[in-house]
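What the coordinates show
The primary structure of each chain is shown beneath.
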Amino acid sequence: MVPTVTLNNGVTMPQLGLGTAGPGDDETRRRVREALSMGYRLIDTAARYGNEVGVGQGIADAGIAREEVFVGTKLRGSDQGYDSTRKALEASLDRLGLDYVDLYLIHWPLPRVDRYVESWRAMADMLAEGKIRAIGVSNFLPDHLDRLAAESAVVPAVNQIELHPWLPQRDQRADDERRGIVTQSWSPLARGGDLPAEPVFTTIGDRYGKTPGQVILRWHVQLGLVPIPKSGNAERLRQNLEVFDFELTDADLAEIDAMEGAQRGSGLDPRTHEEF
């Protein structure tokens, strides 16, 4: 059983889930169905991924009661703006085959476009209407969050950011915590790199009979983060869930902390990156 975290509006969210960026509808459908059968209850997707249909089909295939599955999706950059955000959510719900989503995020701030405040107002209205259970942001920095705070009384429930031991995002995590925002980790195992091959994770894993990947995910969990690893491999899917039966020591955490900056992350800068 995956434990939950309580968001700032009282909604509970599983502390580990399945990320779905990358594959198309057919593969996503298989992964979601398989993950749910293993005990996953948090599924993360985005309009930009182009696989919301597959996510919805996988959920339907699994035959699990809707209220038991926490589904999050994201507003793509080309749909930012008040009216277009409302239309975008309806389109996502249609593709997912759902009446509501549990979490709706602004995918990137796109400061040059300067429409994320309008989008946030629309999301706050839809939250009040019951089409969303919680709203949040993705890849937002403190100045973006300051702007939302100045324009709206609704505090984001979640900030989903790139986060792993090479890029632990200490300052952003502290800023999120100060505001009462849960930090969700995308790329928790550092996609495109070989983070699990770092010897420190093998050494620590050997102490507990765990894989390097399980050690990294446990690090996220102990920091109070919500990792959403991706995998299409059944054994890896199972392993990713099995991180709640051991605990890293302070010495283990210190060893992992020393990994910071060993390699860079994706290089996607929220100040300049644009996603449409």
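All figures in this text were calculated on a predicted structure; none of them were measured in a lab. (Residues numbered from 1 in each chain as written. Predicted model: local features only at pLDDT ≥ 70, side-chain atom pairs only at ≥ 80, totals over all residues. Heavy atoms only, no water.)

Moving on, we get to the sheet that holds strand β4 (residues 42–44). The parallel open sheet is built from 8 strands, whose spatial order is β3-β4-β5-β6-β7-β8-β9-β10. Bordering the open sheet on either side are β3 (18–19) and β10 (226–227), each of which pairs with just one other strand. Where strand β8 (residues 158–162) and strand β9 (residues 182–186) come together, 5 bridges link them in parallel fashion. Opposite Asn 159, over in β9, you have Thr 183 as the bridge partner. (Pairing = 2+ DSSP bridges. Helix = DSSP H or I, 4+ residues; strand = E, 2+ residues; numbered from the N terminus.)

Throughout the structure, instances matching the rule amount to 2 aromatic pairs. Ring geometry for Tyr 116 and Phe 140: centres 5.2 Å apart, planes at 80°, overall edge-to-face. Within this pair, whereas Tyr 116 is found in helix α4 (residues 116–129), its partner Phe 140 is found in the loop between β7 (135–138) and α5 (142–151), the two being separated by 24 residues in sequence. Of the two residues examined, Tyr 116 and Phe 140, each falls in the buried class. Here the aromatic rings of Tyr 208 and Phe 246 are separated by 5.4 Å at their centres, their planes lie at 40°, and the arrangement is tilted. Taken together, the residues Tyr 208 in helix α7 (residues 199–208) and Phe 246 in the loop between α9 (234–241) and α10 (250–257) connect sequence positions 38 residues apart. (Phe/Tyr/Trp six-rings, centres within 6.5 Å; stacked < 30°, edge-to-face > 60°. Buried < 20%, exposed > 50% of the residue type's maximum accessible area, 1.4 Å probe, protein only.)

What follows covers α4. In this model α4 runs 20 Å from its N-terminal to its C-terminal C-alpha over 14 residues, within 8% of the 20 Å that 1.5 Å per residue would give. Within α4, the full set of buried residues consists of Tyr 116, Val 117, Ser 119, Trp 120, Ala 122, Met 123, Ala 124 and Met 126. As for α4, its buried residues are in contact with β5 (70–75), α3 (82–96), β6 (103–106), β7 and α5. Of the residues one or two after α4, Gly 130 is the one with positive phi, at around 90°. (Expected span 1.5 Å × (residues − 1). Contact = heavy atoms within 4.5 Å.)

Turning next to the pairing of β8. In terms of residue burial, β8 counts as a mostly covered element, since 5 of its 5 residues are buried. With 2 bridges connecting them, β7 and β8 associate as parallel partners. Across the sheet, residue Ser 138 finds its bridge partner in β8, namely Gln 160. Note on the crossover from β7 through α5 to β8: the handedness is right-handed. The β-α-β motif built from β8, the intervening helix α6 (residues 170–179) and the parallel element β9 has right-handed crossover chirality. (Right-handed = clockwise from strand over helix to strand, strands pointing away.)

Across the interface, α4 lies against α5 with an axial gap of 10 Å and an inter-helix angle of 55°. Considering their axes alone, α4 and α5 lie oblique with respect to each other. Taken as a pair, α4 and α5 cross one another with a handedness that is right-handed. Here Tyr 116, Val 117, Trp 120 and Arg 121 of α4 come into contact with α5, specifically with Asp 143, His 144, Arg 147, Leu 148 and Glu 151. Along the lines of polarity and charge, the residues of the contact of α4 with α5 split into 4 nonpolar, 1 polar and 4 charged. (Axes fitted to C-alpha atoms, helices over the stretch in contact; angles between N-to-C directions. Parallel < 35°, antiparallel > 145°, perpendicular 65-115°, else oblique. Left-handed = near helix turned anticlockwise from the far one by under 90°. Nonpolar A, V, L, I, M, F, W, Y, C, P; charged D, E, K, R; others polar.)

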